[in-house]
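Analysis of the macromolecular model
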Amino acid sequence: MAGETLGFIGTGRMGGPMAGRLLDAGYSLIVYDAQSEATRPLVARGARVAASPADVASHAEIVLTSLPTPDIVKTVALGSDGIVGGDRARIMIDLSTTGPGAAKQVAEGLKSRSVTLVDAPVSGGIKGAVNGTLAVMVSCPQATYETVQPILKNFGKLFYTGDKPGVAQTAKLANNLMAAAALVITSEAVAMGVKGGVNAKVLIDIINASSGRNSASEDKFPRSVLPGTFDFGFATGLSYKDVRLCVDEAEAMGVPMVCGAVVRQMLAITNAKYGASSDFTSIAKVVEEWAGVQMRG
């Protein structure tokens, strides 16, 4: 499939590196982003710019999207100038985190143009997007999965979750809830340790050698909290969106989200205090302020 022209819509912090990996693999790209400057690094490498999502879908049979919110995904897919307005696309691969409800709406809306949705949210951050080490959760018909596997393998490890739209989204929301929860509880534990006289780095080393280790203690704290940079690469607003979606979907299923609701509130506070564009490791700054400590080392 190398050499085939693919469409890519949404070439920002996550989409840009993923699109770049497709160029590395030998695919030709036609790209679109509402912020035109986001496409420039790809254009410099030979990608062509489209005028709209519909234009992308008129030049490529397979269109990938990496977008920040469910509403934007629905507009790009189903809007008046969206993918459904193209005359060539037959598969839409959505790498965004939208929640299962939005995925089902998009899949249903695409049917009128005989376009199949591949629900393929990713996890692993900007570093994973650059290095091709993302976890890619996929739900779509089996035959479609066989078609898109060679493309998606450029992004990381694939996990086929089933043939119904939204199943992969459910898996992604579960993961993102746990990632945020780990950051909240690790912030509280380390703040307590520091206030009690334990050096923050020493405590993180202890946690990582013990039963409390988690993704925040192993990665986010050493990279972004202990140095005080708070620059892990995932926006507070996006994490808040993901956790809200998770809690809402779970409650609609009849699954209680007691801890999840607390994590949502912590993200709401962080979002209000530091802004949606802040890094979600700023959760630790909220806890620092409340505890009257700094977790550095």
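This text gives an overview of the structure that appears in the document.

What counts and how
Residues numbered from 1 in each chain as written. Predicted model: local features only at pLDDT ≥ 70, side-chain atom pairs only at ≥ 80, totals over all residues. Heavy atoms only, no water. Helix = DSSP H or I, 4+ residues; strand = E, 2+ residues; numbered from the N terminus. Contact = heavy atoms within 4.5 Å. Buried < 20%, exposed > 50% of the residue type's maximum accessible area, 1.4 Å probe, protein only. Axes fitted to C-alpha atoms, helices over the stretch in contact; angles between N-to-C directions. Parallel < 35°, antiparallel > 145°, perpendicular 65-115°, else oblique. Nonpolar A, V, L, I, M, F, W, Y, C, P; charged D, E, K, R; others polar. Phe/Tyr/Trp six-rings, centres within 6.5 Å; stacked < 30°, edge-to-face > 60°. Lys NZ or Arg CZ within 6 Å of the ring centre and 35° of its normal. Salt bridge = Lys/Arg side-chain N within 4 Å of Asp/Glu carboxyl O. Core = buried A, V, L, I, M, F, W, Y, C linked by side-chain atoms within 4.5 Å. 1 Å grid on protein atoms, 1.4 Å probe; cavity = no way out; pocket = protein on both sides within 12 Å on 5 of 7 lines; lining within 4 Å. Points joined across faces, edges and corners; volume = space filled by probe spheres on them. Right-handed = clockwise from strand over helix to strand, strands pointing away. Pairing = 2+ DSSP bridges. Left-handed = near helix turned anticlockwise from the far one by under 90°.

Overview of the side chain of Ser 239
- With respect to the helices and strands, the residue Ser 239 is situated in helix 11 (residues 236-253).
- If we ignore the near neighbours within four places in the chain, the residues touching Ser 239 are Ala 180, Phe 234, Leu 267 and Phe 280.

With respect to helix 13 (residues 283-291)
- What helix 13 keeps buried is the set Ile 283, Ala 284, Val 286, Val 287, Glu 288 and Ala 291.
- The elements touched by buried residues of helix 13 are helix 8 (167-195), helix 10 (215-225) and helix 12 (258-274).
- Directly after helix 13, the chain includes Gly 292, whose backbone phi takes a positive value near 70 degrees.

Things to note about the packing of helix 8 against helix 10
- Packing of helix 8 against helix 10 leaves a shortest axis separation of 9 Å and a crossing angle of 80 degrees. Judged by the angle between their axes, helix 8 and helix 10 are roughly perpendicular. Only Ser 215, Ala 216, Ser 217 and Phe 221 of helix 10 make contact with helix 8, whose side of the interface consists of Ala 179, Ala 182, Leu 183, Thr 186, Ser 187 and Val 190.
- In terms of residue class, the contact of helix 8 with helix 10 is built from six nonpolar, four polar and no charged.

Description of unusual backbone geometry
- In this structure, Ser 114 takes a positive phi of about 55 degrees despite not being glycine.
- Within the element layout of this structure, Ser 114 appears in the loop between helix 5 (100-110) and strand 6 (116-119).
- With a relative accessible area of 60%, Ser 114 lands in the exposed category.
- Phi at Phe 230 is positive, roughly 45 degrees, even though this residue is not glycine.
- With respect to the helices and strands, the residue Phe 230 is situated in the loop between helix 10 and helix 11.
- Exposure remark for Phe 230: the relative accessible area of 10% places this residue in the buried category.

A word on the packing of aromatic side chains
- For the structure on display, the rule yields three aromatic pairs.
- Seen in terms of ring centroids, Phe 234 and Phe 280 are 5.3 Å apart; in terms of plane orientation they differ by 85 degrees. Their pairing is edge-to-face. Taken together, the residues Phe 234 in the loop between helix 10 and helix 11 and Phe 280 in the loop between helix 12 and helix 13 connect sequence positions 46 residues apart.
- By way of ring pairs, the aromatic residues Phe 232, Phe 234 and Phe 280 are connected into one cluster.
- Between Arg 244 and the ring centre of Tyr 240, over which it is positioned, the NZ or CZ distance is 4.5 Å.
- The lysine or arginine in question, Lys 285, covers the ring of Tyr 274, its NZ or CZ lying 4.4 Å from the ring centre.

Some points on the pattern of salt bridges
- All told, the structure shown has eleven salt bridges when counted by the stated rule.
- Between Arg 264 and Asp 248 there is a salt bridge, with the nearest N and O atoms lying 3.6 Å from each other. Of this pair, Arg 264 sits in helix 12 while Asp 248 sits in helix 11, and the two are 16 residues apart along the sequence.

Focus on the nonpolar core
- If you look at the biggest cluster of nonpolar residues, it comprises 37 residues, and the most contacted ones within it are Val 190, Phe 221, Val 243, Val 263, Leu 267 and Met 295.
- Contacts of Val 190, omitting those with residues within four sequence positions, involve Ala 200, Leu 203, Ile 204, Ile 207, Phe 221 and Met 295.
- Among the nonpolar cores identified, the runner-up in size contains 30 residues, and Ile 62, Val 118, Ala 120 and Cys 140 belong to it.

Considering the environment of Thr 281
- Along the polypeptide, Thr 281 turns up in the loop between helix 12 and helix 13.
- Each C-alpha atom of the pair Thr 281 and Gln 35 lies 26 Å from the other, and the pair is 246 residues apart in sequence.
- Residues contacting Thr 281, with those up to four places away along its chain left out, are Leu 183, Lys 220, Ser 224, Val 225, Phe 230, Asp 231 and Phe 232.

With respect to the layout of surface pockets
- Put simply, the largest pocket is a space of about 1,100 Å³.
- Lining of the largest pocket is provided by 43 residues; of these, Met 14, Ser 66, Gly 233, Phe 234 and Leu 238 occupy positions nearest its centre.
- Of all the secondary-structure elements, those providing two or more residues to the lining of the largest pocket are helix 1 (15-24), helix 4 (70-78), strand 7 (122-123), helix 6 (125-131), helix 8, helix 10 and helix 11.
- Here the residues of the lining of the largest pocket sort into 20 nonpolar, 15 polar and eight charged.

Here's the deal with the pairing of strand 1 (residues 5-9)
- The element strand 1 is extensively covered by neighbouring structure, given that four of its five residues are classed as buried.
- Of the crossover connections in this fold, the one passing from strand 1 over helix 1 to the parallel strand 2 (residues 28-32) is right-handed.
- The pairing of strand 1 with strand 4 (residues 62-65) spans three bridges and is parallel. Bridge assignment links Gly 7 to a residue of strand 4, and that residue is Val 63.

Some details on the packing of helix 8 against helix 9 (residues 200-208)
- The geometry of helix 8 relative to helix 9 is characterised by a closest axis approach of 9 Å and an angle of 130 degrees between their N-to-C directions. Here helix 8 is positioned oblique relative to helix 9, judged by the angle of their axes. Handedness of the crossing formed by helix 8 with helix 9: right-handed. Contact residues: helix 8 offers Thr 186, Ala 189, Val 190, Gly 193 and Val 194, while helix 9 offers Ala 200, Leu 203, Ile 204 and Ile 207.
- Residue composition of the contact of helix 8 with helix 9, grouped by class: seven nonpolar, two polar and no charged.

Any functional reading would require information that these geometric values do not contain.
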